[in-house]
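# A structural walkthrough
Listed below are the residues making up each chain.
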Amino acid sequence: MNTLTKIESATPLPISVDDILAARVRISGSVVHTPTLVSQTLSTMFGCKVYLKFENLQFTAAYKERGALNRLLQLDEEAKKKGVIAASAGNHAQGLAYHGKRLGVPVTIVMPTTTPTVKVTQTQGHGATVVQFGEKFDDAYAHARELEVQQGLTFVHPFDEPDIMAGQGTVALEMLEDAPEIDTLIIPIGGGGLFSGMATAAKAMKPDIRIYGVQAELYPSMYDYIKGADLPCDGDTLAEGIAVKQPGELTRRFVERLADDVLLVSERHLEEAVSLLLQIEKTVVEGAGAAGLAALLTHREEFAGRSVGLILTGGNIDTRLLANVLLRDLARSGRLARLRIILQDRPGALFHVARIFDQEAVNILELSHQRIFTNLPAKGLSLDVECETRDGAHLERLIAALRAVGYEVAPIEVA
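Scoring rules and cut-offs
- Residues numbered from 1 in each chain as written.
- Predicted model: local features only at pLDDT ≥ 70, side-chain atom pairs only at ≥ 80, totals over all residues.
- Heavy atoms only, no water.
- Pairing = 2+ DSSP bridges.
- Helix = DSSP H or I, 4+ residues; strand = E, 2+ residues; numbered from the N terminus.
- Expected span 1.5 Å × (residues − 1).
- Buried < 20%, exposed > 50% of the residue type's maximum accessible area, 1.4 Å probe, protein only.
- Arc of directions from axis to C-beta.
- Polar contact = N/O pair within 3.5 Å; in protein donor to acceptor, adjacent residues only side chain to side chain.
- Contact = heavy atoms within 4.5 Å.
- Axes fitted to C-alpha atoms, helices over the stretch in contact; angles between N-to-C directions.

## Considerations on the sheet that holds strand E3 (residues 84–87)
Within the open sheet, the four strands sit side by side as E5-E4-E3-E6. Their pairing is parallel. Pairing within the sheet leaves two strands with one partner each, and these edge strands are strand E5 (129–132) and strand E6 (154–155). Where E3 lies against strand E4 (residues 107–111), four bridges are found, and the strand directions are parallel. Its bridge partner being in E4, Ala 87 is matched across the sheet by Val 110.

## Examining helix H16 (residues 392–404)
Its 13 residues give H16 an end-to-end C-alpha distance of 18 Å, which sits within 8% of 18 Å, the value for a rise of 1.5 Å per residue. Taken together, the buried positions of H16 are occupied by His 394, Leu 395, Leu 398, Ile 399, Ala 401 and Leu 402. Angularly, the buried residues of H16 cover 160° about the axis, an arc narrow enough to put them on a single face. Its side-chain oxygen 3.2 Å from the backbone nitrogen of Ala 393, Asp 391 forms the N-cap of H16. Immediately downstream of H16, the backbone of Gly 406 shows phi near 100°, a positive value.

## Considering the side chain of Thr 36
Looking at where Thr 36 falls in the secondary structure, it is placed in strand E1 (residues 36–38). Those residues in contact with Thr 36 that lie beyond four places of it in its chain are Tyr 51, Leu 52, Lys 53, Met 175, Asp 178, Ala 179 and Ile 182.

## Brief notes about the sheet that holds strand E7 (residues 184–188)
Strand order across the open sheet formed by six strands is E1-E2-E10-E7-E8-E9, with mixed pairing between neighbours. Bordering the open sheet on either side are E1 and strand E9 (261–265), each of which pairs with just one other strand. The sheet shows a mean angle of 25° between the axes of neighbouring strands, taken without regard to direction. Sheet topology places strand E2 (residues 49–53) next to strand E10 (residues 307–311); five bridges connect them, and they run parallel. From the neighbouring strand, Lys 49 faces E10, where its bridge partner is Ser 307. Running over the sheet, helix H8 (residues 162–178) touches E1, E2, E7 and E10 and is turned about 145° from E10.

Right under this line is the structure:
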């Protein structure tokens, strides 16, 4: 094990590396020591050595088990009997529900109504009582605090509690022991619990390590706090697991002191990161879990030549949403396309177009004619062709071949 040194500060932070080491002993054997592996393909792609920590391989498919279990194991007997309550977009809920059931502790979870169905059903499957309230985490949180008082339950915060942060910090202990050459960590931030625990452990093990937080552009709450900015914080993000409007009162202190920077990533890069991880690593990761890779996509020059550790924080993504993300990525890369072609409405018109698709070896998936709802002359029509190509260059050759014989062609773009 690496030699650990304490972080010296005039104002001590709420947890130390000793708390994280104690948490590791406490939860050992009840959570998975997930692998930390080098991705050769991603390393070549980004010009840095990329290590992936597969926390999506936990039983509940997310790192949140660690903090939840650490908290549950320290409840007194009266609190265990009455039960606990939490507000969560899903992964904290599942971790708390799963380990609560194992330990015989009743668990109530308040979830936003927008939570993916897979997370709701899985949480219920672990024996928890699920209450859905509000559209955002903050709405669910306020309702959970009301129920806490009404029912005499113990509230377990998803990120802003020392025991939660200490449990999450065990991720960094494992990463840096398994891959001590890592010199940079990119850690997704919602409320900041994972960052707080991991940064505390990492700085104790390697004081010169660089640590970056990453947030979705639609929810830059910690970014706003650290940068003194006032960016809007709302929207329908793929990374709902880090869609938090207010950073934790405790966690913001860790980010302020230990982060080299906080980066923002777009929805497009989050989608691309989810798709890349499935295609390259053959692993399913939710939007929040892909935020670290999205940061590499967005800020690759920042990490050139480094040994970068990414945490695949969770894999609980709705299958329909995953399908949409993958299809949109195919469309952006040119492997799936929809072309609008203007034709004359006469016999043989479709045959002549199809012949060009055949010549260019492009597979036609779907056709749609439009004669009525169009500004074209009465003898004209528009033909939408959904097709499958090998890559963007193949698509460009098809478009060029169509235009070469006089067709007016326009691709229908994906945002």
